[in-house]
Amino acid sequence: MPRELSIDDFDYTLSDERIARFPLEERDSSKLLLYRDGQIGQSTFAQLGALLPAGAHLVFNDTRVVHARLRFRTESGRAIEIFCLEPLLPGEHQLNLSHRGGQVEWLCLVGNNRAWKSGVLELHVDSPQGPIALRAERLERRGDSFVVRFDWSSSDSAFGEVLASAGVIPLPPYLDRESTEADRERYQTVYARHEGSVAAPTAGLHFTDRVFADLAARGVQRSYVTLHVGAGTFKPVKSDTLDGHDMHTESIFVSRQTLLALQATLQQGAPVIAVGTTSLRTLESLYWHGAALLAGQTFDGRLSVSQWQPYETPGPLPTAAESIAATLGALEAKSLDALEGHTQILLAPGYAFRMADGLITNFHQPKSTLILLVAALIGDDWRRVYDHALENGFRFLSYGDSSLLLRPKNPLPGQ
């Protein structure tokens, strides 16, 4: 049970100069670290296809980053930055961002909040649809965030379109710089489709049409899920142990087509490789959703996986294929073509992976839940992997280099 794990055991020294503050000129020219059967090697990302195990099925997160940072000024000229975290009304990303006219509400961080004494802030925007006046009203405080109501003057413009014109790409705080015009493209994956994230699924930033063509020639299967990445992905673990950490919640969308493809792969015993920690969290959440259905949980049309659910569910547990079959059956019974919902799943040492056999991922911050996830996948060898990356000039964090981590053939204890 990972509740008693000390976060200090997942620390390492990351010097400032190792953080990649800008992307490389070519996405797929980044370094690629390979961890397989306890051995560590390195290549370039363009060679990914040659390094994947036979029959690999890659699962991508096709979320798209919204321009979530909005910069207003008060009547006295004080700068106020509103960082949109997640939609509240309408509550679903797709409905909220496609909403035309009227009002929407978001949970937001507010920079220089004390300068916003009261009233409505207004921002005038030049958009492809013409001039738009965007207004923001602060409604209530929730912890360190605020509920903000937005309305805008053009009934022809969806809120997502307004954000695209009014806001800027929300680069991670550790990059410590303003976003540039180049970030509008480079802080998105080339396959991004569904708007809703406030941070990129950065493992996917290395993929190019050239890499995809090579994967297709090698017969590598691809499927897509959607997990809208929240700002909580950067939330540090401040408690001494995991028991005191409240894992962030993120919304998920998985089509029936993807579920069917995963079911076929699992039945064949072929390896499933997650592209990024968000895809991995989605895959493992799918397992626990199906397991709950098989244990008798009523399906209300939505997925919901809690932080400690994997560690508190009694056995015996179903296979991954059985779990996916249960979800497919539940969708069919309700005539649904996709599974939607939220996950708070925490993947930490002691977790037994059910769906994924490997992970493509960047190098993460010390003492983060993402380091815990890597340690859950490859055990204490995470330290060897990170030491190798530090000693061999790998670039770290969002715009940094990549790794392909394959789960040990001899499972870790509990797996």
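This one's a predicted model, so the numbers in the text were calculated from it and none came from an experiment.

Engineer: Is there a simple way to think about the packing of helix 10 (residues 369-378) against helix 11 (residues 381-391) in this case?
Structural biologist: The geometry of a pair of packed helices is captured by two quantities: the angle between their axes and the separation between those axes. At a minimum axis distance of 8 Å, the contact between helix 10 and helix 11 shows a crossing angle of 115°. Two secondary-structure elements touch here, helix 10 through Ile371, Val374, Ala375 and Ile378 and helix 11 through Asp381, Trp382, Val385 and Tyr386. By residue class, the composition of the contact of helix 10 with helix 11 is seven nonpolar, no polar and one charged.

Engineer: Hey, could you run me through the packing of helix 6 (residues 256-268) against helix 9 (residues 320-333) in this one?
Structural biologist: The contact between helix 6 and helix 9 brings their axes to 9 Å, and the two run at 155°. On the basis of their axis angle, the class for helix 6 and helix 9 is roughly antiparallel. Crossing hand, helix 6 versus helix 9: left-handed. Of helix 9, the residues touching helix 6 (which contributes Arg256, Leu259, Leu260, Gln263, Leu266 and Gln267) are Ala320, Ala321, Ile324, Ala325, Thr327, Leu328 and Leu331. Looking at the contact of helix 6 with helix 9, its residues break down into nine nonpolar, three polar and one charged.

Engineer: Which parts of the structure should I look at to understand the sheet that holds strand 10 (residues 145-152)?
Structural biologist: Strand-to-strand pairing in sheets goes through backbone hydrogen bonds, with the strands running parallel or antiparallel. Taken in spatial order, the six strands of this open sheet run 5-6-7-10-9-8, and their pairing is antiparallel. Of all the strands in the sheet, just strand 5 (69-73) and strand 8 (120-127) have a single pairing partner and so form its edges. Neighbour-to-neighbour, the strand axes of this sheet turn through a mean angle of 40°, independent of strand direction.

Engineer: Which parts of the structure should I look at to understand the environment of glutamine 263?
Structural biologist: By the secondary structure assignment, glutamine 263 is in helix 6. With near-sequence residues (within four places) excluded, glutamine 263 lies in contact with Ile324, Ala325 and Leu328.

Engineer: Can you help me understand the pairing of strand 9 (residues 130-142) in this one?
Structural biologist: Strand residues, when the strand is regular, have side chains that alternate between the two faces of the sheet. Sheet topology places strand 8 next to strand 9; eight bridges connect them, and they run antiparallel. Within the sheet, the bridge partner assigned to serine 127 lies in strand 9 and is glycine 130. The turn linking strand 8 back onto strand 9 is made up of two residues. Two strands pair when backbone bridges link them, and strand 9 and strand 10 are joined in this way by eight bridges, in the antiparallel orientation. Bridge pairing links arginine 138 to valine 148 in strand 10. What sits between strand 9 and strand 10 in their antiparallel hairpin is a turn of two residues, with glycine 143 showing a positive phi close to 65°.

Engineer: Please explain the pattern of salt bridges as it appears in this structure.
Structural biologist: Oppositely charged side chains can pair when the atoms bearing their charge come close. The full count for this structure, using the stated rule, is 20 salt bridges. Put simply, glutamate 137 and arginine 149 hold a salt bridge, and the shortest N to O gap is 3.7 Å. Of the two residues, glutamate 137 is situated in strand 9 and arginine 149 in strand 10; the sequence distance between them amounts to 12 residues. Residues joined in a network through salt bridges with shared partners are Arg69, Arg71, Glu81 and Glu178.

Engineer: What should I look at first to understand a positive patch on the surface in this one?
Structural biologist: Taken together, the side chains of Arg78, Arg114, Lys117 and Arg141 make up a positively charged region of the molecular surface. With respect to the helices and strands, lysine 117 occurs in the loop between strand 7 (103-111) and strand 8.

Engineer: So what exactly am I meant to see when it comes to the side chain of asparagine 61 here?
Structural biologist: Within the fold, asparagine 61 resides in strand 3 (residues 57-61). Of note is the side chain of asparagine 61, whose polar atom sits 2.8 Å from the backbone oxygen of leucine 227. Every residue in contact with asparagine 61, bar those within four places of it in the chain, is listed here: Tyr191, Pro201, Val225, Thr226, Leu227, Val229, Thr278 and Ser279.

Rules used in this analysis
- Residues numbered from 1 in each chain as written.
- Predicted model: local features only at pLDDT ≥ 70, side-chain atom pairs only at ≥ 80, totals over all residues.
- Heavy atoms only, no water.
- Axes fitted to C-alpha atoms, helices over the stretch in contact; angles between N-to-C directions.
- Helix = DSSP H or I, 4+ residues; strand = E, 2+ residues; numbered from the N terminus.
- Contact = heavy atoms within 4.5 Å.
- Nonpolar A, V, L, I, M, F, W, Y, C, P; charged D, E, K, R; others polar.
- Parallel < 35°, antiparallel > 145°, perpendicular 65-115°, else oblique.
- Left-handed = near helix turned anticlockwise from the far one by under 90°.
- Pairing = 2+ DSSP bridges.
- Salt bridge = Lys/Arg side-chain N within 4 Å of Asp/Glu carboxyl O.
- Patch = residues over 30% accessible without salt bridge, like charges linked within 9 Å, V, L, I, M, F, W, Y side chains within 5 Å.
- Areas by Shrake-Rupley, 256 points an atom, 1.4 Å probe, with all protein chains shown as cover.
- Lys, Arg positive; Asp, Glu negative; His and termini not counted.
- Charge placed at Lys NZ, Arg CZ, Asp CG, Glu CD.
- Polar contact = N/O pair within 3.5 Å; in protein donor to acceptor, adjacent residues only side chain to side chain.

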